[in-house]
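These are the residues of each chain, in order.
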Amino acid sequence: MITNRHVVLKKPPSGMPRAADFEVLPCPMPAAPPPDGLLVRVIALSMDPYLGGRLRGRHMGEPAPAPGEQLPGFAVAEILESDSEKFKTGEFIVTETGWTRYAAIPATGARTVAQGSIPISAHLGVLGMPGLTAWAGVTQLAKVGPDDIFVVDAAAGAVGGTAGQIAKNLGARAIGIAGGGAKNTLVTTSYGFDACIDYRADGWQQKLKTATAPGPTVHFENVGETVLQTVFPMLQTYGRVVLCGLAEHYHSDGNPPLLPVGPIVGKRAAIYGLVVYDFYDRLHEWVTLATPWIESKKLVFHEDASDGLDSAPAQFERMLRGQHLGKAIVRVASEKP
Ligand SMILES: NC(=O)c1ccc[n+]([C@@H]2O[C@H](COP(=O)([O-])OP(=O)(O)OC[C@H]3O[C@@H](n4cnc5c(N)ncnc54)[C@H](OP(=O)(O)O)[C@@H]3O)[C@@H](O)[C@H]2O)c1
């Protein structure tokens, strides 16, 4: 007999959510899709930094789940039964299923993804929302080209790793900033950045200055004030800064991060705020560009996967602490039933 399980919020997190804030419980197996909706089997769950903020009611005005409610979140899933004209049984989709094994969900917002040479879970990372974020920031906002010196932090992650590789593929020099030796090795050896600086090591600011000489022309910010305040003085005149993520601030209740207003004027700098939702209708452009890059190894991605829905709370905490390498996911079931 098929049984269902899901992950619920046990208590509202204070500060950074922890595995102990969640509970994995049995739940009813949905019998059929809702009208115009889908009955799906979850294959892989996406672990994303924004979810930490969402659980505390701090993401784009979306309400936080109440204790006892299932966690929200995106997944790759297989359609077991469709009541929608747009989707067929047996197709794979990316959609918001929540943290569960089986779900009966609306078809709205789902998109089909094809099985092929690239693992289907890549549609949660490099070929999905994080990859689109990188593409939007690099090509649509900063408009990176061959003359650029491109810097990105959280460079081992799904967004940062993809952003640097796009910049390189467009002819720019790409320098990453990442925490720890394993991440730095991934960024230079596997992703092929020109250099990566470990910001946990002494003297990293001087190393960054040397690696980016005569100064970055583009900085892609994923982390927050600590790195931004270091890189900004190094930026060349008319430099561009993409403000993408603030990972170091999501769980702190201290003062919000500050921008160096005077130096922005002095540098004649352009600052771009990035919200990936603005680019969702252009996802096909990114997938069309990225797929041959991945197949020819011009774009490399790395997944940090845990196994089974029960591992989701611990994997989520690891991801929020930055202990993962690459794109964090949970493999809930195999693609083959
Ligand atoms: N604007 C948008 O529309 C949009 C869309 C998607 C993602 N984002 C943002 O883009 C950034 C990267 O996303 P991702 O999915 O690729 O995540 P990720 O890079 O895999 O994970 C976040 C990374 O932030 C770094 N970090 C530094 N200080 C931290 C702290 N105090 N707490 C936690 N992490 C810290 C860690 O890398 P190191 O150890 O290397 O420092 C960590 O691995 C995130 O800030 C995310 O929220 C924004």
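The coordinates are above.
Just so you know, the residues in each chain are numbered from 1, in the order the chain's sequence is written. Given that this is a predicted model, residues contribute local features only at a pLDDT of at least 70 and side-chain atom pairs are listed and counted only at 80 or more, while totals for whole chains, interfaces and linings are drawn from all residues. The basis for every side-chain value is the complete set of non-hydrogen atoms in the structure, without hydrogens or water.

Details of a negative patch on the surface
Like charges are joined within 9 Å and nonpolar side chains (Val, Leu, Ile, Met, Phe, Trp, Tyr) within 5 Å, but only among residues with over 30% relative accessible area and no salt bridge; these make up the patches. Throughout, the Shrake-Rupley method with a 1.4 Å probe supplies accessible areas, and for residues the shown protein chains are the sole cover considered. Think of a salt bridge as a Lys or Arg side-chain nitrogen and an Asp or Glu carboxyl oxygen that are within 4 Å of each other. All tallies of charge rest on Lys and Arg as positive and Asp and Glu as negative; His and the ends of each chain are not included. The atoms used to mark charge sites are NZ of Lys, CZ of Arg, CG of Asp and CD of Glu. A cluster of acidic residues, Asp36, Glu81, Asp83 and Glu85, forms a negative patch on the protein surface. With respect to the element layout, Asp83 can be found in the loop between strand E4 (74-82) and strand E5 (92-96). Here a helix means four or more residues in a row that DSSP labels H or I, a strand means two or more in a row labelled E, and each is numbered from the N terminus.

So, the environment of Leu228
The residue Leu228 is located in helix H6 (residues 225-231) in this model. The contact criterion used is simple: two residues touch if any of their non-hydrogen atoms lie within 4.5 Å. If sequence neighbours within four positions are ignored, Leu228 has contacts with His219, Glu221, Val241, Leu243 and Leu259.

Here we look at the site of the ligand
Close to the ligand lie 27 residues, the nearest being Lys183, Tyr199, Tyr250, Leu274 and His324. Nitrogen and oxygen atoms within 3.5 Å of one another constitute a polar contact, given that in protein one can donate a hydrogen and the other can accept it, and given that sequence-neighbouring residues count only through two side-chain atoms. For the ligand, an oxygen atom lies 2.9 Å from a polar atom in the backbone of Gly179. Taking Lys183, its side chain carries an N or O atom lying 2.8 Å from an oxygen atom of the ligand. Within the complex, the protein chains bury 87% of what would otherwise be the 890 Å² of accessible surface of the ligand. Those elements that place two or more of their residues in the shell around the ligand are helix H2 (129-141) and helix H3 (158-169). Residues of the shell around the ligand, tallied by class, amount to 16 nonpolar, eight polar and three charged. Each residue is tested against the molecule or strand, and it is near if at least one of its non-hydrogen atoms lies within 4 Å. Under the convention adopted here, Pro, Cys and the residues Ala, Val, Leu, Ile, Met, Phe, Trp and Tyr are nonpolar, Asp, Glu, Lys and Arg are charged, and Gly plus all remaining residues are polar.

Notes on the pairing of strand E13 (residues 270-273)
When DSSP locates at least two bridges between a pair of strands, those strands are taken to pair. Sheet topology places strand E12 (residues 240-243) next to E13; four bridges connect them, and they run parallel. For Leu243, the partnering residue across the bridge sits in E13 and is Gly273. One crossover worth recording links E12 to the parallel E13 by way of helix H7 (residues 261-267), and it is right-handed. With strands facing away from the observer, any crossover in which the path from the first strand over the helix to the second runs clockwise is taken as right-handed.

Quick notes on helix H5 (residues 204-212)
Taken as a whole, H5 has its buried residues at Trp204, Leu208, Ala211 and Thr212. Looking down the long axis of H5, one finds its buried residues gathered within 85° of arc, a one-sided arrangement. Facing away from the buried side of H5 by over 90 degrees, the exposed positions are Gln206 and Thr210. Taken together, the buried residues of H5 touch strand E8 (149-153), strand E9 (173-178), strand E10 (195-198) and H6. Burial classes: relative accessible area under 20% of the type maximum marks a residue as buried, over 50% as exposed, and values in between as partly exposed (1.4 Å probe, protein chains only). In this context, the arc is that of the directions from the helix axis out to the C-beta atoms.

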